[in-house]
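One letter stands for each residue in the lines below.
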Amino acid sequence: MSDDSMSDNELFLGVDQGSSSTKGLLIDATGNAVQEFAAAVPERIDNNPCVEQDPEGLLTSVTEVFNRAVAWSNEQGVKIKAAGLAVQRSGVLAWNSIDGRPRHPVITWADTRTAPIIQNFGRGVERISLKTGLPTIPNFAAGKIHLLQRQFLEPSIYVATLDTFLLHRMSGKKVFVTEDTMAARTMLYALTERGWSNDLCRDFEVDSHRLPRINPSLAPHTHYAGVPIVALLGDQQAALIGRSGIKRRPLLNLGTIAALTLDTGYNVVQKTGMMTSVLLSRLIPNSYAREMKFLIETTSPVTGTVLLEPLRREWCKSSKELNAMCERAEQEHLQGRATAYFVNHRHSLPKWEHGVPNVMVSKPDATTADRARAIVENVGNLVVRMLEEFSDKGLLGEVLPNEIDVAGGGSELGYLLQYISDVSGHILHRLATHEAGSRGAALCAWMSVNNEFEARQFNQQEPSRSYRCERPERRKRYLMWQRLEQDTLNGALPAHAEVEPV
């Protein structure tokens, strides 16, 4: 990143608050990256089905990135004209509206404690999904808002999604707002109504009067450290906006979760089992009406955790080492050495007390490198399944190969991307910067200031590398993994399988 890119003397800050880290990026008025920042976040506390995170720690990570960006820009003699904030979605908490202190931790997107509420709807879930564009599952916010509103009855206690808490505190406790992309992920927002639905609030027994006001995504939300925050949106939405390429290609974002998203423009496209949501919104100039763009998405919640398994088991110390292990194991396999397969899930089935176990199946002389490769390929197989679902539902081109952009920390594993390409037949374009979320948030700040609803002229960077199908025979490993997966689900495991309770 060069100081030459600061010729206009104005910068735009994008902050991406995720479940595993908070990232910041400064761009200049032409979209060039100038400086990056990062802050640690508190670890999630996972007591299945309850998964929580400390809201004060998340807030601190966001303000730290803002403060460091402001300090750096002051040192450079440049001004941050505006900022955009992208936030992890579907997390809900309760806090005191007067002093701003949390009264309950963030119930994160991974938390499924509200499953009994969803199960009580029976066939009514189809009606809810039609109105919301979302599968009626416990990961979204509606059931969590219901629980916390029931737990905290006082009017002085706010219950809302994480973005609302962050803005409330960063504004000096002056605003209580959310925006369309976050509201649309709650299951309390009807796509046709473009706002809170009385019917959905009644379904979930949520007091709509206690919900925050819904702003457009691009709007003057508040100020922090002298910087106007003029864009607010979900983290996956920001990543889709921040990806490279002028074409509307799907984006595969390999972060804490794997998300495959497609910008559908002004069209609301709904497919069974997939998520249709708002990509971005703004007020139409000289009007009170809102202009919206939409997306369709499918996700896999376990990929980020699985990719950390070899590091957790101390088989390697970095993604670079893990990638080298996978490549070494592949060469050993080509020479006739042992192979291994790994299946990881997070589905709950009555057959297992706490869910489906992790299973490693390997020959007795399989190396540690081959076992690490099996773990990485498990993630690749889950992604291939997502791509096949997109294709089956007509969301990819009719003729192979299709082109797909890739971002997120998992995109650093070249072995993983090549495996996905070999098995799926698609062309993967790894973005020049894998932190597409913070870039997208910064671009949204630029759009808001310039009263634009498109940042495509900024998205013409060449990908850092493309992956094309080189060994289609590797699809046999995917088919073998599918058979092992079915054996795992049926409890018919081979005698030498290693089972790790979940």
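Everything discussed here concerns the structure shown above.
Conventions we followed
Residue numbers here run from 1 along each chain, matching the order of that chain's written sequence. Totals for whole chains, interfaces and linings use all residues, but because this is a predicted model, local features are given only for residues with pLDDT of at least 70 and pairs of side-chain atoms are given and counted only at 80 or more. Note that the side-chain values use all heavy atoms of the structure and ignore hydrogens as well as water. The rule for a salt bridge is simple: a side-chain nitrogen of Lys or Arg has to be within 4 Å of a carboxyl oxygen of Asp or Glu. Burial here depends on accessible area, computed with a 1.4 Å probe over protein chains only, as a share of the maximum for the residue type. Under 20% is buried, over 50% is exposed, and the range in between is partly exposed. A run of DSSP states H or I qualifies as a helix once it reaches four residues; a run of E qualifies as a strand once it reaches two. Both are numbered from the N-terminal end. A 1.4 Å probe that fits but cannot get out identifies a cavity on a 1 Å grid over protein atoms alone, an open set with protein on both sides within 12 Å along at least five of seven lines counts as a pocket, and a residue lines either if it has an atom within 4 Å of a point. Grid points are joined across faces, edges and corners, and a volume is the space filled by probe spheres set on the points. Under the convention adopted here, Pro, Cys and the residues Ala, Val, Leu, Ile, Met, Phe, Trp and Tyr are nonpolar, Asp, Glu, Lys and Arg are charged, and Gly plus all remaining residues are polar. Polar contact is the term for a pair of N or O atoms within 3.5 Å; when the atoms are in protein, one must be able to donate a hydrogen and the other to accept it, and sequence-neighboring residues count only if both atoms are side-chain atoms. Here a residue-residue contact requires only that any non-hydrogen atoms of the pair lie within 4.5 Å. Note that the arc is computed from the directions linking the helix axis to the C-beta atoms. A pair of strands is treated as paired once DSSP finds two or more bridges between them. An axis is simply a line fitted to the C-alpha atoms; with a helix, the fit covers only the stretch in contact. Between two such axes, the angle follows the N-to-C directions and lies from 0 to 180 degrees. Take the buried residues of types Ala, Val, Leu, Ile, Met, Phe, Trp, Tyr and Cys, join any two whose side-chain atoms come within 4.5 Å, and each joined set is a nonpolar core.

Undergrad: Run through the pattern of salt bridges, naming residues and quoting values.
TA: Per the counting criterion, the structure on display carries 34 salt bridges. For the salt bridge of D111 with R113, the shortest nitrogen-to-oxygen distance reads 2.8 Å. We classify R113 as partly exposed; its relative accessible area is 21%. Residues E330 and R474 are paired through a salt bridge, measuring 3.7 Å at the closest nitrogen-oxygen approach. Of this pair, E330 sits in helix α11 (residues 319–334) while R474 sits in the loop between β24 (465–467) and α15 (475–490), placing them 144 residues apart in sequence. The exposure classification of E330 matches that of R474, with both residues buried.

Undergrad: Talk me through the layout of surface pockets; I want residue IDs and the actual numbers.
TA: The calculated volume of the second largest pocket comes to roughly 220 Å³. Around the second largest pocket, the lining is made up of 14 residues, and of these E327, E330, Y415, Q418 and R474 lie nearest the centre. Only α11, α13 (414–424) and β24 provide two or more residues apiece to the lining of the second largest pocket. Considering every element that reaches the lining of the second largest pocket, the biggest residue donor is α11, with five residues. Residues belonging to the lining of the second largest pocket are distributed by class as follows: three nonpolar, four polar and seven charged.

Undergrad: Lay out the side chain of S171 with the relevant residues and their values.
TA: In this structure, S171 sits in the loop between α5 (162–170) and β10 (177–179). In this structure S171 comes out as buried when scored by relative accessible area, which is 8%. One polar contact links the side chain of S171 to the main-chain amide nitrogen of K174, over a distance of 3.1 Å. With sequence-adjacent residues up to four places away left out, S171 is seen in contact with T222 and H223.

Undergrad: Would you mind going over the side chain of S438 in detail, with residue names and values included?
TA: Summarising the element assignment, S438 is placed in helix α14 (residues 436–449). S438 sits in the buried class, given a relative accessible area of 2%.

Undergrad: Could you give an account of helix α3 (residues 124–132), naming the residues involved and the relevant values?
TA: By the burial criterion, the buried members of α3 are G124, I128, S129 and T132. Taken down its axis, α3 places every buried residue within 140° of arc, on the same side. In α3, the exposed positions that point more than 90 degrees away from the buried face belong to E126 and L130. In this fold, the buried residues of α3 make contact with β11 (189–190), α7 (198–203) and β18 (275–283). Downstream of α3 by a residue or two, G133 has a phi angle that is positive, lying close to 80°.

Undergrad: Describe in detail unusual backbone geometry, supporting the description with residues and values.
TA: The step from N48 to P49 runs through a cis peptide bond, and the omega angle for that step is 10°. Its location among the elements puts P49 in the loop between β4 (45–47) and β5 (50–53). We note that K173 has phi near 65°; this positive angle belongs to a residue other than glycine. K173 sits in the partly exposed class, given a relative accessible area of 37%. For E205, which is not glycine, the phi torsion reads 55° and is therefore positive. Counting through the fold element by element, E205 comes out in the loop between α7 and β13 (213–215). Judged by relative accessible area, which is 47%, E205 ranks as partly exposed.

Undergrad: An account of the sheet that holds strand β7 (residues 92–96) is needed here, citing residue identities and associated values.
TA: Pairing between the strands of a sheet is mediated by backbone hydrogen bonds and can be parallel or antiparallel. Strand order in the open sheet formed by five strands is β4-β5-β8-β7-β9, with antiparallel pairing between adjacent strands. Of all strands in the sheet, those bounded by a partner on one side alone are β4 and β9 (157–161). This sheet shows a mean twist of 25° between the axes of neighbouring strands, independent of strand direction. Alignment of β5 against strand β8 (residues 102–107), held across two bridges, turns out to be antiparallel. When the bridges of β8 are listed, Q53 appears paired with V106. Contacts between helix α4 (residues 142–151) and the sheet are confined to β7, β8 and β9, with β7 contributing the most and set at about 25° to the helix.

Undergrad: I'd like a description of the nonpolar core, backed by residues and values.
TA: By size, the foremost hydrophobic cluster in this structure holds 51 residues, and its most contacted members are L252, L254, F390, L416 and I420. A per-element tally of this core places helix α12 (residues 368–392) first, with twelve residues. Judged by nonpolar contacts, the second largest core, of 38 residues, contains L11, V34, L59 and A69.

Undergrad: An account of empty space enclosed by the protein is needed here, citing residue identities and associated values.
TA: A full pass over the atoms with the stated rule returns two cavities of 30 Å³ or more. In this model, the second largest cavity occupies a volume close to 40 Å³. Around the second largest cavity sit I145, A160, T161, T178, M182, A183, T186, W196, L211 and P212, which together line it. Elements represented by at least two residues in the lining of the second largest cavity include exactly β9 and α6 (180–183). Split into classes, the residues belonging to the lining of the second largest cavity amount to seven nonpolar, three polar and no charged.

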